[in-house]
Amino acid sequence: MAMALRAASRVLLRAGSRLGRREAVDGARRFANKRVLVETEGAAGATRIAVMKFRNPPVNSLSLDFLTEFVISLEKLENDKSIRGVILTSDSLKRGNQTKVAATEKTEEKRATRDHGGRLQERPGIFSAGLDLLEMYGRNPAHYAEYWKAVQELWLRLYLSSLTLMSAINGASPAGGCLLAITCDYRIMADNPKYTIGLNESLLGIVAPFWLKDNYVNTIGHRAAERALQLGTLFPPAEALKVGVVDEVVPEDQVHSKTLSVMAKWLAIPDHSRQLTKTMMRKATADNLIKQREADIQNFASFISRDSIQKSLHMYLEKLKHKKG
Ligand SMILES: CCCCCCCCC/C=C/C(=O)SCCNC(=O)CCNC(=O)[C@H](O)C(C)(C)COP(=O)(O)OP(=O)(O)OC[C@H]1O[C@@H](n2cnc3c(N)ncnc32)[C@H](O)[C@@H]1OP(=O)(O)O
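Not measured: the values here are computed from a predicted model.

A. Representation of the pattern of salt bridges in the model. Applying the stated criterion across every chain yields a total of 19 salt bridges. The closest approach of N and O atoms between Asp-214 and Lys-213, which form a salt bridge, is 2.7 Å. For Asp-214, a relative accessible area of 14% gives the class buried. Residue class for Lys-213 comes out partly exposed when judged on its relative accessible area of 33%. Here Lys-283 makes a salt bridge to Asp-287, at a shortest N to O gap of 2.7 Å.

What follows is the structure, encoded as structure tokens:
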């Protein structure tokens, strides 16, 4: 066990020193679609880990396209038998000089910040802004149903993943951003009081679905979840740690290296026993959704189509638009 741990540590620490380099070296491989970049590390034949970086400007919201690309990338990793661990993080930390594109430019792409070379950039300090509000506002019931099916799919795949999943939370993580994090086996958050995490749905006038509520209860306990869900609490790092939304808070520049060293410990555990234990802990919660997926989709589509809910979302979007920087 100790030897396996040391060996896994060596692989991961080597991986850590290379992460972020653009070129493929010594077995480091990468694949990318438009919104998700995946870098895998480790020599051929050895245990490898993958770092999945979100890059859906401006705020890594979970648009339908992003959800689709996320699931495809995850499936690729699940099917690669040499990969045992995956780290979810935002690609948003590297920043150049940026200019905000004029507010009069309406399309999703144009809303993003661009660097001086005109390339789209994410805003700094955002893990994920959660579900894409524009997928839930001003569309038709068929679109809402399609969108919700994709949200369910991502949650189920993450929650039941046989991989060891960890999130390296390097920015704000409201609602659906928190969903991504709490599906993981371990969460490490950057110690920056500007970053908050939690399920804030009630502040938007909407309600977290029962399966997300169950995931929250499983993570922080019934009483804490009851209070945090009603109040829509977004916890700064120290409070998130205290309540158990995250497992560790570390200085911002150590989030990746710390996640890699914790991953090494998890990968020292035999996969079959860890996976069976994970399934034992999570199956009942996931089954609750699996047995009523269609009803949950219909429930969402009719709930989100209500005039009162659309009005709440409209007000929330306006508030976001007009908030002071
Ligand atoms: C019963 C069953 C029923 C079920 C009932 C339904 C249950 C649904 C569960 C819902 C889960 C969710 O995730 S709901 C989503 C919750 N998410 C949130 O509340 C996050 C809202 N966003 C923020 O707080 C902030 O934007 C934050 C992420 C911290 C970044 O702040 P910044 O100052 O850096 O950036 P901002 O200027 O605010 O945002 C940049 C631009 O991105 C847009 N933007 C920000 N968040 C966005 C988002 N989630 N979706 C789309 N667009 C977003 C803003 O409007 C801006 O657009 P322009 O002004 O045009 O540039």
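Picking up after the structure, the text goes on.
B. A look at the sheet that holds strand β1 (residues 29–32). Strand order in the open sheet made by the seven strands is β1-β2-β3-β4-β8-β10-β12, with mixed pairing throughout. Of all the strands in the sheet, the pair left with one neighbour each is β1 and β12 (248–250). Each strand of the sheet is rotated relative to its neighbour by a mean of 20 degrees, with strand direction disregarded. Pairing analysis gives three bridges linking strand β10 (residues 186–190) to β12, with the strands arranged parallel. In the sheet register, Ala-190 faces β12, and the bridge partner there is Val-250.

C. Spotlight on unusual backbone geometry. The peptide bond linking Pro-57 to Pro-58 adopts the cis configuration, its omega dihedral lying at 5 degrees. With respect to the helices and strands, Pro-58 occurs in the loop between β3 (48–54) and α2 (64–79). With a phi angle near 55 degrees, Asn-60 is a residue other than glycine that sits in the positive phi range. By secondary structure assignment, the location of Asn-60 is in the loop between β3 and α2. Residue classification places Asn-60 among the buried positions, given a relative accessible area of 0%. Non-glycine residue Ala-175 carries a positive phi angle of around 45 degrees. The residue Ala-175 is located in the loop between β9 (173–174) and α5 (176–182) in this model.

D. Focus on α2. Taking 1.5 Å as the rise per residue, α2 with 16 residues should run 22 Å; its terminal C-alpha atoms sit 23 Å apart, in good agreement. Here α2 has its buried residues at Leu-64, Phe-66, Leu-67, Glu-69, Phe-70, Val-71, Ser-73, Leu-74 and Leu-77.

E. Here's a closer look at the packing of helix α4 (residues 141–159) against helix α11 (residues 293–305). Taken N-terminus to C-terminus, the directions of α4 and α11 make an angle of 130 degrees; their axes are 9 Å apart at the nearest point. Between α4 and α11, the interaxial angle falls into the category oblique. As α4 packs across α11, the resulting crossing turns out to be right-handed. Contact with α4, carried on its side by Pro-141, Tyr-144, Ala-145, Trp-148, Lys-149, Gln-152, Glu-153 and Leu-156, involves Arg-293, Asp-296, Ile-297, Phe-300, Ala-301, Ile-304 and Ser-305 of α11 and no other residues of that element. Along the lines of polarity and charge, the residues of the contact of α4 with α11 split into nine nonpolar, two polar and four charged.

F. Seen up close, the packing of helix α6 (residues 210–220) against helix α10 (residues 271–290). At a closest axis distance of 9 Å, the pairing of α6 and α10 adopts a crossing angle of 170 degrees. By the angle between their axes, α6 is roughly antiparallel relative to α10. Across the interface between the two elements, Phe-210, Trp-211, Asp-214, Asn-215 and Asn-218 of α6 pack against Thr-285, Asn-288 and Leu-289 of α10. In the contact of α6 with α10, the residues fall into three nonpolar, four polar and one charged.

G. Seen up close, the side chain of Ser-161. Position of Ser-161 relative to the elements: it lies in the loop between α4 and β8 (164–169). Within the local environment of Ser-161, its side chain forms a polar contact with the backbone nitrogen of Leu-163, the two atoms lying 3.1 Å apart. If we skip the residues at most four places from it in the chain, Ser-161 touches Glu-78 and Lys-278.

H. Just the nonpolar core, in detail. Formed by 84 residues in total, the largest nonpolar core has its most connected members in Met-52, Phe-70, Val-86, Leu-180, Ile-197, Tyr-216 and Val-245. Those residues in contact with Phe-70 that sit more than four places away from it in its chain are Val-36, Met-52, Phe-54, Leu-88, Leu-154, Leu-158 and Leu-180.

I. Structural view of the environment of Glu-41. Relative to the assigned elements, Glu-41 resides in strand β2 (residues 36–41). Using a relative accessible area of 5% as the deciding quantity, one classes Glu-41 as buried. It is 9.0 Å that separates the C-alpha atoms of Glu-41 and Ile-83, two residues lying 42 residues apart in sequence.

J. View of the pairing of β3. Summarising burial for β3: seven of the seven residues are buried, a large majority. Burial along β3 is two-sided: the face carrying Arg-48, Ala-50, Met-52 and Phe-54 and the face carrying Ile-49, Val-51 and Lys-53 are both buried. Taken together, the six bridges between β2 and β3 define a ladder with antiparallel strand orientation. Following the sheet pairing, Glu-41 is matched in β3 by Ile-49. Examined bridge by bridge, β3 and strand β4 (residues 83–90) share seven bridges and lie parallel to one another. If you follow Val-51 over to β4, its bridge partner there is Ile-87. Assessed by its sense of winding, the connection that carries the chain from β3 through α2 to β4 is right-handed.

The rules we used
- Residues numbered from 1 in each chain as written.
- Predicted model: local features only at pLDDT ≥ 70, side-chain atom pairs only at ≥ 80, totals over all residues.
- Heavy atoms only, no water.
- Salt bridge = Lys/Arg side-chain N within 4 Å of Asp/Glu carboxyl O.
- Buried < 20%, exposed > 50% of the residue type's maximum accessible area, 1.4 Å probe, protein only.
- Pairing = 2+ DSSP bridges.
- Helix = DSSP H or I, 4+ residues; strand = E, 2+ residues; numbered from the N terminus.
- Axes fitted to C-alpha atoms, helices over the stretch in contact; angles between N-to-C directions.
- Expected span 1.5 Å × (residues − 1).
- Parallel < 35°, antiparallel > 145°, perpendicular 65-115°, else oblique.
- Left-handed = near helix turned anticlockwise from the far one by under 90°.
- Contact = heavy atoms within 4.5 Å.
- Nonpolar A, V, L, I, M, F, W, Y, C, P; charged D, E, K, R; others polar.
- Polar contact = N/O pair within 3.5 Å; in protein donor to acceptor, adjacent residues only side chain to side chain.
- Core = buried A, V, L, I, M, F, W, Y, C linked by side-chain atoms within 4.5 Å.
- Right-handed = clockwise from strand over helix to strand, strands pointing away.

Geometry only, nothing functional implied.
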